[in-house]
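Reading the structure
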Amino acid sequence: MSETIPTIDLTPVVAGDADGDSVVAKELDGVLRTWGAFELIGHGVPAASTQKAFAAARRFFEQPLDARLALKIDKSNRGYAPMHQTVYEGNLPDLKESFNLGLPLTPDDPDILAGKPLHGVNRWPDLPGYREDVEQYFSEMMKLGNRLLGPLALCLGMQPADLRARYRKPIAFMRLFHYPPNSRIEAREHGAAEHQDYGFLTILAQDSAGGLEVRTPGNAIVGVPPRADAFIINLGDMVEKMTGGMFRSAPHRVINRAGIGRYSIPFFYDPDFDSVFDGMPDMSAGQFLLSKFNKFYTYRKEMAATGT
Ligand SMILES: O=C(O)CCC(=O)C(=O)O
Ligand SMILES: [Fe+2]
């Protein structure tokens, strides 16, 4: 088995070929059963949009800590998550900070008014052009996620329309990450300690600093070298669970060895909060995700403890 992350070309879907979904699904199926992660090319996302999102990330984290903390993360998972918020057992807290946003909802949104978890209004710093550039990239991620659902549905033995019917108001979170240099590996301090993503599908862009490492089907850890024209896609635990382990939620980690700050932007594309899947009948997608957030995020434990 090759120990290099596989590559999938989405061109047939992006071009709108009549058999695009099934052509890509044929390539994808084996990859999801073995690696559960791959590089995606031919994705149709304009490079300028990605570059602007990275430029926005740099501007956000260049602000003084006070300005970042003014947007401290709220219970809808939106805002600024300071360093050390994510903890994976046996490791020190992750050495990373993030700006999180979700689906753009307005304060009169019925799910917000009803208090549905993970629904909220996005929070924005006072930086000219920041919101526009970040929202633009978010909408590119929504489009790309939707395109991926076609072949993914076929791999899951579903009709694309049936999977899309569970993505009407998806739990979609994007995180602009900053990783300072010099994590202390010997102390088990990583940028992101080895973990599996929680939900359905992650679309990740990493900058030229690199640092993402994936566990191979042969159980080795290999680096995923930075590549400006590709996204890294991986499945999360929700898919692994609903397929009874047939599709793999790929373990991965981040170690910033670059000696400079590292930026990355994962987009977590997960189904509607109340959606239910045959393979996971006992729990909605939202409840599954929420249980993961509550397990791994310190800020949620603090909120639960203080009743905020
Ligand atoms: O920053 C990265 O490259 C990956 C981040 C990650 O694995 C995560 O947020 O789940
Ligand atoms: Fe991850």
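Residues numbered from 1 in each chain as written. Chains lettered and ligands numbered in written order. Predicted model: local features only at pLDDT ≥ 70, side-chain atom pairs only at ≥ 80, totals over all residues. Heavy atoms only, no water.

Some details on the site of ligand 1
Every residue lining ligand 1 is accounted for by Phe177, Tyr179, His195, Asp197, Leu204, Leu212, His252, Val254, Arg262, Ser264, Pro266 and Phe268. Contacts to ligand 1 include aspartate 197, whose side-chain N or O atom sits 2.9 Å from an oxygen atom. The separation between an oxygen atom of ligand 1 and a polar side-chain atom of serine 264 is 2.6 Å. Compared with its free state, where it exposes 290 Å², ligand 1 has 96% of that area covered by protein. For ligand 1, the cavity whose grid points lie within 2 Å of the majority of its atoms is the largest cavity. Those elements giving two or more residues to the shell around ligand 1 turn out to be strand 5 (170-179), strand 11 (252-254) and strand 12 (262-272). (Near = heavy atom within 4 Å. Polar contact = N/O pair within 3.5 Å; in protein donor to acceptor, adjacent residues only side chain to side chain. Areas by Shrake-Rupley, 256 points an atom, 1.4 Å probe, with all protein chains shown as cover. 1 Å grid on protein atoms, 1.4 Å probe; cavity = no way out; pocket = protein on both sides within 12 Å on 5 of 7 lines; lining within 4 Å. Sits in = over half its atoms within 2 Å of the grid points. Helix = DSSP H or I, 4+ residues; strand = E, 2+ residues; numbered from the N terminus.)

A word on helix 3 (residues 47-62)
Since the α-helix turns once every 3.6 residues, residues separated by three or four places project in the same direction. End to end, helix 3 covers 23 Å across 16 residues, agreeing with the expected 22 Å (1.5 Å per residue, within 8%). Within helix 3, the full set of buried residues consists of Ser49, Thr50, Ala53, Phe54, Ala56, Ala57, Phe60 and Phe61. For helix 3, the angular spread of the buried residues around the axis is 155 degrees, confining them to a single face. In this structure, helix 3 carries Gln51 and Glu62 as exposed residues pointing more than 90 degrees from its buried face. (Expected span 1.5 Å × (residues − 1). Buried < 20%, exposed > 50% of the residue type's maximum accessible area, 1.4 Å probe, protein only. Arc of directions from axis to C-beta.)

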